[in-house]
Amino acid sequence: MNVKPKLLPSQLLGQQNNHIHWLNGNTGIHTGMLNAYLQMQAAARKKNIDLRIASGWRGFERQLQLWNNKFLGFTNVKSIEGKNIDISEFTDNEKITSILTFSALPGASRHHWGTDIDVYAPKMLSDEVQLQLEPSEYSETGPFAALSEWLNQNSQKFGFYFPYDCYRGGIAHEPWHLSYAPLADHFQQQFTIELLARAIENSKIEGKLAVLTQLDDIYQHFIININQA
């Protein structure tokens, strides 16, 4: 009988990382997807594509910092078109919706599971250009056009798919974001709104009351409103 992979609640929420294999000092992925990732990376290398991870496992506290910095106006918030927007005059509800377009709530990021990675190919960027993780970089005219084409044709062979393959009225299109289906699908089923609510209640998140008030809507539109593997 096959045993379904599971994570502890603390692992689902990004509060613990003992399920993570560290590729280097900054980048970690779930131990159960290491072989699949290395195989995909090796296959890409045969096509002269240097596949790398820009962001792998991300903990609750880091996601909280990203959220609070955006909510307080310390970090830019972007529109669905990718333009910077001023949210200083927004209501808390408007701020939350704007931030969620590109950033998950702490506790609700799929990066907490270690199954989701943001990928790029550094050799496709010129030395003076910094990675932005914007859709234009992965478009037919962008520097990662060949990477995108290869991933679209081959990533599923290794168990990966694009959860944010298009804009569905929730999270923006993220052509750099891959999810490892054999694990992530199980972890998504384990993740509940009740678990998230407790984490938010016990955190120092900006806009907490507004987040908790509309958590049902957030869950429907920004957490489970994704492409299915």
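Above this text sits the structure in question.
Definitions and limits used
Residues numbered from 1 in each chain as written. Predicted model: local features only at pLDDT ≥ 70, side-chain atom pairs only at ≥ 80, totals over all residues. Heavy atoms only, no water. Helix = DSSP H or I, 4+ residues; strand = E, 2+ residues; numbered from the N terminus. Rg over C-alpha atoms; globule rule 2.2 N^0.38 Å. Buried < 20%, exposed > 50% of the residue type's maximum accessible area, 1.4 Å probe, protein only. Arc of directions from axis to C-beta. Contact = heavy atoms within 4.5 Å. Polar contact = N/O pair within 3.5 Å; in protein donor to acceptor, adjacent residues only side chain to side chain. Pairing = 2+ DSSP bridges. Phe/Tyr/Trp six-rings, centres within 6.5 Å; stacked < 30°, edge-to-face > 60°. 1 Å grid on protein atoms, 1.4 Å probe; cavity = no way out; pocket = protein on both sides within 12 Å on 5 of 7 lines; lining within 4 Å. Points joined across faces, edges and corners; volume = space filled by probe spheres on them. Nonpolar A, V, L, I, M, F, W, Y, C, P; charged D, E, K, R; others polar.

(A) Here's a closer look at the overall build of the protein. Counting its regular elements, the protein contains nine helices and eight strands. Relative to a compact globule of 229 residues, whose C-alpha radius of gyration would be 17 Å, the protein shows 17 Å and is just as compact. Principal-axis analysis of the C-alpha atoms places the extent of the protein at approximately 50 × 50 × 30 Å. Counting all 229 residues of the protein, 50% fall into the buried class.

(B) Examining helix 9 (residues 215–223) more closely. Those residues of helix 9 not exposed but buried are Leu215, Ile218, Tyr219, Phe222 and Ile223. Viewed end-on, helix 9 has its buried residues packed into an arc of 110 degrees, placing them on one side of the element. Against the buried residues of helix 9 lie helix 4 (92–100), helix 7 (193–201) and helix 8 (208–213).

(C) Broad picture of the side chain of aspartate 116. Mapped onto the elements, aspartate 116 comes out in strand 6 (residues 116–120). Judged by its relative accessible area of 0%, aspartate 116 is buried. Within the structure, aspartate 116 has its side chain in polar contact with the side chain of serine 179 (distance 3.0 Å). Not counting chain neighbours up to four residues away, the residues in contact with aspartate 116 comprise Ser55, Gly56, Arg110, His111, Pro163, His177, Leu178, Ser179 and Ala184.

(D) Spotlight on the sheet that holds strand 6. The antiparallel open sheet is built from four strands, whose spatial order is 3-6-8-7. Single-partner strands in this sheet number two, and they are strand 3 (52–55) and strand 7 (160–161). In terms of strand pairing, strand 3 meets strand 6 through three bridges, oriented antiparallel. Counterpart to arginine 52 in the pairing with strand 6 is tyrosine 120.

(E) Summary view of the packing of aromatic side chains. The full count for this structure, using the stated rule, is seven aromatic pairs. Arranged with centres 5.9 Å apart and planes meeting at 80 degrees, the rings of tryptophan 22 and tryptophan 57 form a pair that is edge-to-face. Of this pair, tryptophan 22 sits in strand 1 (residues 20–22) while tryptophan 57 sits in the loop between strand 3 and helix 3 (60–71), and the two are 35 residues apart along the sequence. Taking the centre distance of 5.7 Å and the plane angle of 50 degrees together, the rings of tyrosine 138 and tryptophan 176 count as tilted. Taken together, the positions of tyrosine 138 in the loop between strand 6 and helix 5 (145–154) and tryptophan 176 in the loop between strand 7 and strand 8 (177–180) put the pair 38 residues apart, joining distant regions of the chain. Residue tyrosine 138 is classed as buried on the basis of its relative accessible area of 6%. Aromatic ring contacts, followed pair by pair, group Tyr120, Tyr138, Phe144 and Trp176 into a single cluster.

(F) Examining the layout of surface pockets more closely. Considering only enclosed or pocket space, the largest pocket measures out at about 870 Å³ in volume. Along its surface, the largest pocket is lined by 33 residues, and Lys70, Phe102, Ser103, Leu133 and Glu174 are the ones closest to its centre. Those elements giving two or more residues to the lining of the largest pocket turn out to be helix 3, strand 4 (77–78) and helix 4. Ranked by residues supplied to the lining of the largest pocket, first place goes to helix 3 with four residues. For the lining of the largest pocket, the residue count by class is 12 nonpolar, 12 polar and nine charged.

(G) Representation of empty space enclosed by the protein in the model. A full pass over the atoms with the stated rule returns three cavities of 30 Å³ or more. Looking at the largest cavity, its volume works out to about 80 Å³. Leu100, Ser103, Ala104, Leu105, Ala108, Arg110, Tyr164, Ile171, Ile218, Phe222 and Ile223 together form the lining of the largest cavity. Estimated volume of the second largest cavity: approximately 60 Å³. Here the lining of the second largest cavity is composed, by residue class, of six nonpolar, one polar and one charged.

Limitation: the analysis is restricted to geometry and does not speak to function.
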